[in-house]
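Here are the chains, one letter per residue:
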Amino acid sequence: MRERASVGRGAPRRAEADPAWLVAPSFLPSKPGNPAGGAAALRRDAAVAQAEKKLSALRLQGGSGVVLVRAMGRSEQREGSAMRTHARVVVIGGGVVGVSTLYHLAKRGWSDVVLLERFELTAGSTWHAAGLLPLFNMSYSVGQLHRYSVELYKGLAAETGQDVGFHPTGNLRLATHRDRMDEYRNYQCTAETIGVECHIVGVEDIVKLWPLLDPKGLVGGLWHPTDGHIAPADVTMALARGARMRGAEIYQHTPVLAIERTHHYEWIVKTAKGDIRCEHLVFATGSWARQTARMVGLEIPVIPVEHQYIVTDVDPVLKAYREAGHRELPILREPDASYYFREERMGWILGPYEKGAPACFVEGVPADFGKELFPGDLERLMPHVEACARRVPSFEKVGIKTIVNGAIPYTPDGNPMVGPAFGITNLWINEGHSFGITAAGGAGWQLANWIVDGQPSVDMLGVDPRRFGCVTKDYARIKNQEAYEHVFFTHYPMEYENRPAARPAKVPPVYDRLRARGAVFGMRFGWERPNWFAPKGVEPRDIYSFRRSNWFPHVGAEVRAVRERVGIIEASPFAKFEVEGPGARRWLDSMVANSLPQKVGAIRLCHMLFPSGSVRSEFTICRLPDGLWGERFYLVGPAAAHDIDWDYLVKSLPRDGSVILHDVTARYGVFLLVGPKSRTVLQRLADGDVSNEALPWLSGREMSVGFCAGVRVLRVNFVGSLGYELHHPIEYQLHLYEELLRAGAEFDIADVGLRAMDSLRLEKSYRLWGSDLNAENTLLEAGMERFVRFDKGDFPGRAALLAQKQKGLRWTFRTIEVAAEDADPFGNEPVFLDGEVIGRGTAGGYGHYVGKSLMLGYIRSDVAAIGQECRVRVLDRMLPARIVADSPYDPDNLALRA
């Protein structure tokens, strides 16, 4: 490949008389009449047309090492009108994500909405994005956002009169090994559940779809026929026009200087053009995300990473191919070489995701940053350039026109942050979009639904801003760089939780002891948690696979230990809250669908619902002895839900001071002592009676265990065997662990990890928050009506559940037995009957004690009868399956209540 211009980091580009590379590509403001892409010329106001004639100017920001490249966007703002002083919603940020949010709010009928942009629309990251629309995403949440975006963009031109430069080329992903093909097959399962068309293809099909490539080393691929690319500036302007058509207003060159809150919870946004008051505030500020959030005292883990792509000269081979009458080639992605590749004006765009890409603006974005680029770093890209040249031989002979190197916002897991801000009422986040063009439409759609309706219409847990256990600057810098590097890694089902950067972060006191005993840890919500334990002589590490792997037999041994003897599970990350006060019962009772426990020590499983009746939160609630301020309740929830639950509880508190809420998560450690010998082990240490008569199922008592005083012993667990949760003062954890091991040595007490716990709960058909219990399915559809008390008074979701009872359930939660061999379902697998998708899995795995591959999920109610035969796609096979009754293990709960 020939380098036409200096592109080193120390050698900034010089402006040409007509910087065609900047104006011509179809993803930037374009000229009419180009042969291979770009937006068509449209009629515009004279002022706008005049503005577009102005070319960009180059200048160097002194002392920052950043090359500033100015490019005119197509703005439709009418200058001269005074900025309004009140609005229902103010959106800060005029990139495609912010404009999409404005558009969808207006589309929902909220026309009293305003967008503020410090520079001009598309500034920041939108203007230099490559405009790709990848439908491929392993996340159920993000996959739905991407699907919606592509469908939305197809119709924007007809709706608004603004062409968006949409090229439905399709997308071809290549594979060079079996695990990559397994990834595609696993993704195909998700795609079929959300309605995205894709096909597994062989090498012959690949050559037909992309005849200019060399197929050497390929084993297959994934074909998305509805994928493509778009002009980011044009789609942003189309969304802006659509928003204005519905009454929304946009103010450019309006930097936000400060944000204040009145005593009546009204926002005051102070700008260079005056103040504007609003009820709701939305942050969609891209690279400025951390700075904007800090204006209201919020910390979010969004830090940009430099992303580069190469724009080339005309490729004669491609030009001859196109002039022969062939259509534009599909976008090509070779994940095993970590790059994407597409046509651009008879040349190419090559976009790698390289190792060593640095985070940028860690200390904040420069004050005058707008439409800027960093110098290109060709050396960092060369391994990918060489790989692409091997795959597409003609690429090696074309010259480099430029390297575009811009800031792209990232989060620790690479997914955006869309939803409520933690701890601040009526503040909404739409930040961290590393694939912002693709996700913008869907993110704006769902955030608008959340603001208007009080909940999203699809499960948004995968992008909820409150999902991270760590949010500091240093953590975000390290993890965001790692997320960038992992864009094209093979996404194994448990790969994310095992990524090594910034670990360990949060650990319980017993961490080193567990590690010495063979624990293989994964990271969840920032916590190190044992996934499984390697016996002596076995290397304590995961070998990633979509199939049963090295940990499989050892997890099976842990399961048998629980069912037959006794095991101990470290579970300190559980979210733990205390509620007390004269209004505690009245407030809590109004929040949950179940009735609260009446007697001291009684335990109830309770759910907080969205207005639709779907599940927002799940708690085990135990009534504690009364305190100084009145009744007291102990709430235990999932570890990953900590910030989501705490945020909702705090925002829902009555303002009269009648309820006091405490977060005691860090105060108490938790061990699960489970198995038929658990009572014997506990009785040897406990200063209290733990017999079935004194401590029956669903009850709790406080007692001393060993040296540890004040242990809350709860007769409840998530594995379906006799067992106890031991909530202990965290400072005693090491002592308590050693004492439990000593007392259980006679029974060969076993350390047990989360994978065994998951297998155990699948055997009991226990629903897990966040997958089985979600924002899309109601508590009735989940088969949990026994935890709903319609006669107790009103609670969120009650009306919707009553209406659903009358109308009938669309979906029914079921346990499915799958005839699997070497690969089990993980969740998101489609369920088929007579070739039609009739449901999807929400969780799956192997039930080691019952010896069956099991999947939990939702089936269309008219075909959800027990005994119904069906098929489930697992990787490359359509496996025979059968709906079975809940709780394949111990359906009568004899072991649990022993």
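Residues numbered from 1 in each chain as written. Predicted model: local features only at pLDDT ≥ 70, side-chain atom pairs only at ≥ 80, totals over all residues. Heavy atoms only, no water.

Caption draft 1: Molecular detail of the overall build of the protein. Helix and strand counts for the protein come out as 20 helices and 38 strands. At 29 Å, the protein has a C-alpha radius of gyration in line with the 29 Å of a compact globule built from 898 residues. For the protein, the C-alpha atoms occupy an extent of roughly 90 × 65 × 55 Å along the three principal directions. In the protein, which comprises 898 residues, the share counted as buried stands at 63%. Of the roughly 32100 Å² that the protein leaves accessible, carbon and sulfur atoms contribute 52%. (Helix = DSSP H or I, 4+ residues; strand = E, 2+ residues; numbered from the N terminus. Rg over C-alpha atoms; globule rule 2.2 N^0.38 Å. Buried < 20%, exposed > 50% of the residue type's maximum accessible area, 1.4 Å probe, protein only. Areas by Shrake-Rupley, 256 points an atom, 1.4 Å probe, with all protein chains shown as cover.)

Caption draft 2: The nonpolar core, seen in detail. Of all hydrophobic cores here, the largest spans 60 residues; its most connected members are Leu 102, Leu 105, Tyr 153, Leu 156, Tyr 187 and Ile 230. Where this core is concerned, the elements lending two or more residues are strand S4 (86-92), helix H3 (96-107), strand S5 (113-116), helix H4 (140-160), helix H5 (178-194), helix H7 (232-245) and helix H11 (436-453). Within the second largest apolar cluster, 35 residues are counted, among which are Trp 532, Phe 552, Phe 574 and Tyr 668. (Core = buried A, V, L, I, M, F, W, Y, C linked by side-chain atoms within 4.5 Å.)

Caption draft 3: Just the pairing of strand S17 (residues 399-410), in detail. The buried count for S17 comes to eleven of twelve residues, which makes it a mostly enclosed element. Note: strand S13 (residues 303-312) against S17, ten bridges, orientation antiparallel. Counted as the bridge partner of Glu 306 is Ala 407 from S17. (Pairing = 2+ DSSP bridges.)

Caption draft 4: Molecular detail of the sheet that holds strand S33 (residues 811-818). In spatial order, the strands read S33-S36-S35-S34-S37-S38; together these six strands close into a barrel with antiparallel pairing. Averaged over neighbouring strand pairs, the angle between their axes works out to 40° when direction is ignored. Contacts between helix H19 (residues 754-763) and the sheet are confined to strand S35 (836-847) and strand S36 (852-860), with S35 contributing the most and set at about 125° to the helix. (Axes fitted to C-alpha atoms, helices over the stretch in contact; angles between N-to-C directions. Contact = heavy atoms within 4.5 Å.)

Caption draft 5: Representation of the sheet that holds strand S23 (residues 575-580) within the structure. Strand order in the open sheet formed by five strands is S24-S25-S26-S23-S27, with antiparallel pairing between adjacent strands. Single-partner strands in this sheet number two, and they are strand S24 (603-609) and strand S27 (660-663). Across the sheet, the mean angle from the axis of one strand to that of its neighbour is 30°, orientation sign disregarded. As paired elements, S23 and S27 share four bridges and run antiparallel to each other.

Caption draft 6: Up close: the packing of aromatic side chains. Tallied over the entire structure, the rule returns 27 aromatic pairs. With 5.2 Å between their ring centres and 35° between their planes, Tyr 492 and Phe 546 make a pair best called tilted. Linking Tyr 492 in the loop between helix H12 (473-485) and helix H13 (511-516) with Phe 546 in the loop between strand S21 (527-533) and helix H14 (552-564), this pair joins segments that are 54 residues apart in sequence. One aromatic cluster is present, formed by Tyr 340, Tyr 353, Tyr 410, Phe 435, Tyr 484 and Phe 488 through successive ring pairs. Above the face of the Phe 136 ring, Arg 173 is positioned so that its terminal group lies 4.0 Å from the ring centre. Sitting above the plane of the Tyr 648 ring, Arg 616 keeps its charged end 3.9 Å from the centroid. (Phe/Tyr/Trp six-rings, centres within 6.5 Å; stacked < 30°, edge-to-face > 60°. Lys NZ or Arg CZ within 6 Å of the ring centre and 35° of its normal.)

Caption draft 7: Broad picture of H3. Taking 1.5 Å of rise per residue, the twelve residues of H3 would be expected to cover 16 Å, and the 16 Å separating its terminal C-alpha atoms lies within 8% of that figure. The set of residues buried in H3 consists of Val 96, Val 97, Gly 98, Val 99, Ser 100, Thr 101, Leu 102, Tyr 103, His 104, Leu 105 and Ala 106. (Expected span 1.5 Å × (residues − 1).)

Caption draft 8: Main features of the packing of H3 against H11. Interaxial distance between H3 and H11 falls to 8 Å at its minimum, and their mutual angle equals 40°. The angle between H3 and H11 places the two elements in the oblique class. In this structure, H3 meets H11 at a crossing whose hand is right-handed. Contacts between H3 and H11 involve Val 96, Val 97, Ser 100, Thr 101, His 104 and Leu 105 on the former and, on the latter, Gly 436, Ile 437, Ala 440, Gly 441, Gly 444, Trp 445, Leu 447, Ala 448, Ile 451 and Val 452. (Parallel < 35°, antiparallel > 145°, perpendicular 65-115°, else oblique. Left-handed = near helix turned anticlockwise from the far one by under 90°.)

Caption draft 9: Region of interest: the pattern of salt bridges. Scanning all chains against the criterion turns up 58 salt bridges. As a salt-bridge pair, Arg 873 and Glu 192 come within 2.7 Å of each other at their nearest N and O atoms. Placement of Arg 873 in strand S37 (residues 869-874) and of Glu 192 in helix H5 is noted, with a sequence separation of 681 residues between them. Assessed through its relative accessible area of 15%, Arg 873 is described here as buried. (Salt bridge = Lys/Arg side-chain N within 4 Å of Asp/Glu carboxyl O.)

Caption draft 10: A look at H14. The end-to-end C-alpha separation of H14 is 18 Å, in line with the 18 Å expected for 13 residues at 1.5 Å each. Listing the buried residues of H14 in full gives Phe 552, His 554, Val 555, Gly 556, Glu 558, Val 559, Ala 561, Val 562 and Arg 563. Among the structural elements, S21, strand S22 (567-570), strand S28 (668-674), strand S32 (750-751), H19 and S35 are those in contact with the buried residues of H14.

Caption draft 11: A look at the environment of Leu 212. Here Leu 212 shows up in the loop between helix H6 (203-209) and strand S8 (220-224). We classify Leu 212 as buried; its relative accessible area is 17%. Along the primary structure Leu 212 and Leu 152 are separated by 60 residues, whereas in three dimensions their C-alpha atoms are 31 Å apart.

Caption draft 12: Spotlight on the pairing of S33. Relative to S36, S33 runs antiparallel, the two sharing eight bridges. Looking at S36, one finds that Thr 812 is bridged to Ile 859. Pairing of S33 with strand S38 (residues 877-884), which is carried by four bridges, proceeds in the antiparallel orientation. Bridge pairing links Glu 817 to Arg 882 in S38.

Caption draft 13: Examining the packing of helix H17 (residues 678-685) against helix H18 (residues 733-744) more closely. Two elements in contact, H17 and H18, have axes whose closest approach is 9 Å; the angle formed by their N-to-C orientations is 120°. Accordingly, the angle class assigned to the pair H17 and H18 is oblique. With respect to the hand of their crossing, H17 and H18 are arranged in right-handed fashion. Facing H17, whose interface residues are Val 681, Arg 684 and Leu 685, H18 presents Glu 739, Leu 740, Arg 742, Ala 743 and Gly 744.

Caption draft 14: Focus on the confidence of the model for the protein. On average, residues of the protein score 91 in pLDDT, and 91% of them reach the 70 mark or higher. Counted against residues more than four places away or in other chains, residues 3-80, with its pLDDT under 50, gives 182 contacts. (pLDDT = per-residue confidence, 0-100.)

Caption draft 15: How the structure looks around the side chain of Asp 227. Relative to the helices and strands, Asp 227 resides in the loop between S8 and H7. Although Asp 227 is buried, it makes no salt bridge; Arg 333 carries the closest opposite charge, 4.4 Å away. Polar contacts involving the side chain of Asp 227 include one to the main-chain amide nitrogen of Leu 135, which spans 3.2 Å. Beyond its immediate chain neighbours, meaning those up to four positions away, Asp 227 contacts Leu 133, Pro 134, Leu 135, His 167, Pro 168, Thr 169, Gly 170, Asn 171 and Arg 333. (Lys, Arg positive; Asp, Glu negative; His and termini not counted. Polar contact = N/O pair within 3.5 Å; in protein donor to acceptor, adjacent residues only side chain to side chain.)

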